[in-house]
Amino acid sequence: MHSPGPALGRHVAAVVLTLATVVATVLGSAGAAPAASAVPARPTSPSFEIATFNQLGSQHTLGKGGWGPGRVRAAITAGLIERKGIDVVGLQEVQADQLAVLRRKLEGYDVWPGTALGGGGLRLQIAWKSWLFRLVDTGSIRTAFDRQVRPVPWVLLEHRATGRKLYVVDHHNSPRGLEAERDSATRKVVRLVERLRATGRAVFVVGDMNEHTETFCTIVGLTDLLAPNGGSASSPDSCSPPPGRLGIDWIFGAGPMTFSRYTVLEGSAVRAASDHPLVRATVTLRPRRR
């Protein structure tokens, strides 16, 4: 029996090499397909628009003159929120007829508390785009307002694309000369912020504070919350409010986030809806430190 010669050995080696090349090409082509259809990476720093707006309750426009009926103005508000691309908004002075309109007109938004906190809880409502955020938890604290006691609502929302969670508190301080009620309510909001911030999550407080500087100095001076329009405070008594003309409608936030593009909107549609501006800011969520 003869041993295979060198020529046969070279032929076998060539066949093996050819087969290996074909297999590698096929596998390479098959492996390349998933790369083209790979699932996009989750955004690491998602942004959204947050706002506060005093809707001006229907009871203020029941007589002649001034603003239109509450239901009409609520429809204007819903259109504003949608056109301005607001993703999360705290509303104040909402009444039952206005809530019904907001729920109907704000397509793609969820609203809380609705009627869940009783008649006294109607006036403060938080709305958010339901495709962008999922509701995780809710709660409230009770504060004095205009010689009454009523709930101040908060929600815990989860950003659907990233799983980030954040708290939003909607507040309205007593008007006019009710300084003691404003002071008491603001201290309760500060304690709530401290409790929510202990989770490490971002916390936002929005609302009509009925004060130009004092609420800012108290909230920023006693917590780590900041305002998107600037200013600073190491304590309520050591405070530098934001520059420029200050209103009484405020946005505050803290945690793994940054503010940008703070805007006060006072156009014709805003003026037709309320005697307050629509105040907004852009929020960018940063990854939490481990």
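No experiment lies behind these values; they were computed from the predicted model shown. (Residues numbered from 1 in each chain as written. Predicted model: local features only at pLDDT ≥ 70, side-chain atom pairs only at ≥ 80, totals over all residues. Heavy atoms only, no water.)

### Some details on the sheet that holds strand S2 (residues 88-92)
Here we have 6 strands laid out as an open sheet, ordered S3-S4-S2-S1-S13-S12, and mixed in their pairing. Unpaired on one side and paired on the other, strand S3 (109-112) and strand S12 (257-265) mark the two borders of the sheet. Between one strand axis and the next, the sheet turns through 20° on average, direction left out of account. Note that S2 and strand S4 (residues 125-129) share 4 bridges and pair antiparallel. Bridge pairing in S4 places Leu-91 opposite Gln-125. Helix-sheet contacts for helix H2 (residues 70-83) involve strand S1 (47-54), S2 and S3, and the interaxial angle to S2 is about 160°. (Pairing = 2+ DSSP bridges. Helix = DSSP H or I, 4+ residues; strand = E, 2+ residues; numbered from the N terminus. Axes fitted to C-alpha atoms, helices over the stretch in contact; angles between N-to-C directions. Contact = heavy atoms within 4.5 Å.)

### Observations concerning the sheet that holds strand S8 (residues 202-208)
The strand order across the open sheet built from 5 strands is S5-S6-S7-S8-S11, with neighbouring strands paired in mixed fashion. For this open sheet the edge positions go to strand S5 (133-145) and strand S11 (249-254), each flanked by a neighbour on one side alone. Going from strand to strand, the sheet's axes swing by 15° on average, the running direction of each strand aside. Across the face of the sheet, helix H4 (residues 179-197) comes into contact with S5, strand S6 (148-159), strand S7 (165-172), S8 and S11 while running at roughly 150° to S5.

### Observations concerning the side chain of Thr-223
On the secondary structure map, Thr-223 appears in the loop between helix H5 (214-222) and strand S9 (232-235). A polar contact is formed between the side chain of Thr-223 and the backbone oxygen of Ile-219, at a distance of 2.6 Å. A polar contact of 3.1 Å, which involves the side chain of Thr-223, links it to the backbone nitrogen of Leu-225. With residues near it in sequence (within four places) discarded, Thr-223 still touches Val-190 and Val-193. (Polar contact = N/O pair within 3.5 Å; in protein donor to acceptor, adjacent residues only side chain to side chain.)

### What to know about the packing of aromatic side chains
For the structure shown, the criterion picks out 7 aromatic pairs. With a centroid separation of 6.0 Å and an interplanar angle of 70°, the aromatic rings of Phe-204 and Phe-259 are classed as edge-to-face. Separated by 55 residues along the polypeptide, Phe-204 in strand S8 and Phe-259 in strand S12 bring together distant segments of the chain. Both residues of the pair, Phe-204 and Phe-259, count as buried. An aromatic cluster is built from Phe-48, Phe-133, Phe-204 and Phe-259, whose rings are joined through pairwise contacts. Of note, Arg-150 hangs over the ring of Phe-145, and the distance from its end group to the ring centre comes to 3.6 Å. (Phe/Tyr/Trp six-rings, centres within 6.5 Å; stacked < 30°, edge-to-face > 60°. Buried < 20%, exposed > 50% of the residue type's maximum accessible area, 1.4 Å probe, protein only. Lys NZ or Arg CZ within 6 Å of the ring centre and 35° of its normal.)

### Regarding H5
Here H5 lies mainly inside the structure; 7 of its 9 residues are buried. Summarising the contacts, the buried residues of H5 are in contact with H4, S9, strand S10 (238-240) and S11.

### As for unusual backbone geometry
Note that the residue after Trp-112, namely Pro-113, is joined by a cis bond; omega there is 15°. Although it is not a glycine, Asp-146 sits at a positive phi angle of roughly 50°. When you line up the elements, Asp-146 lands in the loop between S5 and S6. Asp-146 gets classed as partly exposed once you look at its relative accessible area, which sits at 24%.

### Observations regarding the pairing of S5
Sheet analysis places S5 next to S6, joined by 12 bridges and oriented antiparallel. The residue bridging Ser-140 from the neighbouring strand is Pro-153, located in S6. Here S5 hands over to S6 after 2 residues, with Asp-146 in that stretch at a positive phi of 50°.

### Overview of the nonpolar core
Val-169, Val-205, Phe-216, Leu-225, Trp-250 and Phe-252 are the most contacted members of the largest nonpolar core, which totals 26 residues. Taken together, the elements giving at least two residues each to this core come down to S6, S7, H4, S8, H5 and S11. Ranked by the residues each element gives to this core, the list is headed by H4, at 5 residues. Beyond its immediate stretch of four places on either side in the chain, Val-169 contacts Val-152, Pro-153, Trp-154, Leu-192, Leu-196, Phe-204, Val-205 and Val-206. (Core = buried A, V, L, I, M, F, W, Y, C linked by side-chain atoms within 4.5 Å.)

### Observations concerning H4
Given a rise of 1.5 Å per residue, 19 residues ought to cover 27 Å, and the 27 Å separating the end C-alpha atoms of H4 matches this to within 8%. Among all positions in H4, only Glu-181, Arg-182, Ala-185, Thr-186, Val-189, Val-190, Leu-192, Val-193 and Leu-196 are buried. (Expected span 1.5 Å × (residues − 1).)

### A closer look at the packing of H4 against H5
Taken N-terminus to C-terminus, the directions of H4 and H5 make an angle of 25°; their axes are 10 Å apart at the nearest point. The angle between the axes of H4 and H5 places the two elements in the roughly parallel class. Pair H4 / H5 crosses with right-handed handedness. When H4 is examined against H5, the residues Glu-179, Asp-183, Thr-186, Val-190 and Glu-194 are found in contact with a partner set consisting of Glu-214, Thr-215, Thr-218, Ile-219 and Leu-222. Tallied by class, residues from the contact of H4 with H5 come to 3 nonpolar, 3 polar and 4 charged. (Parallel < 35°, antiparallel > 145°, perpendicular 65-115°, else oblique. Left-handed = near helix turned anticlockwise from the far one by under 90°. Nonpolar A, V, L, I, M, F, W, Y, C, P; charged D, E, K, R; others polar.)

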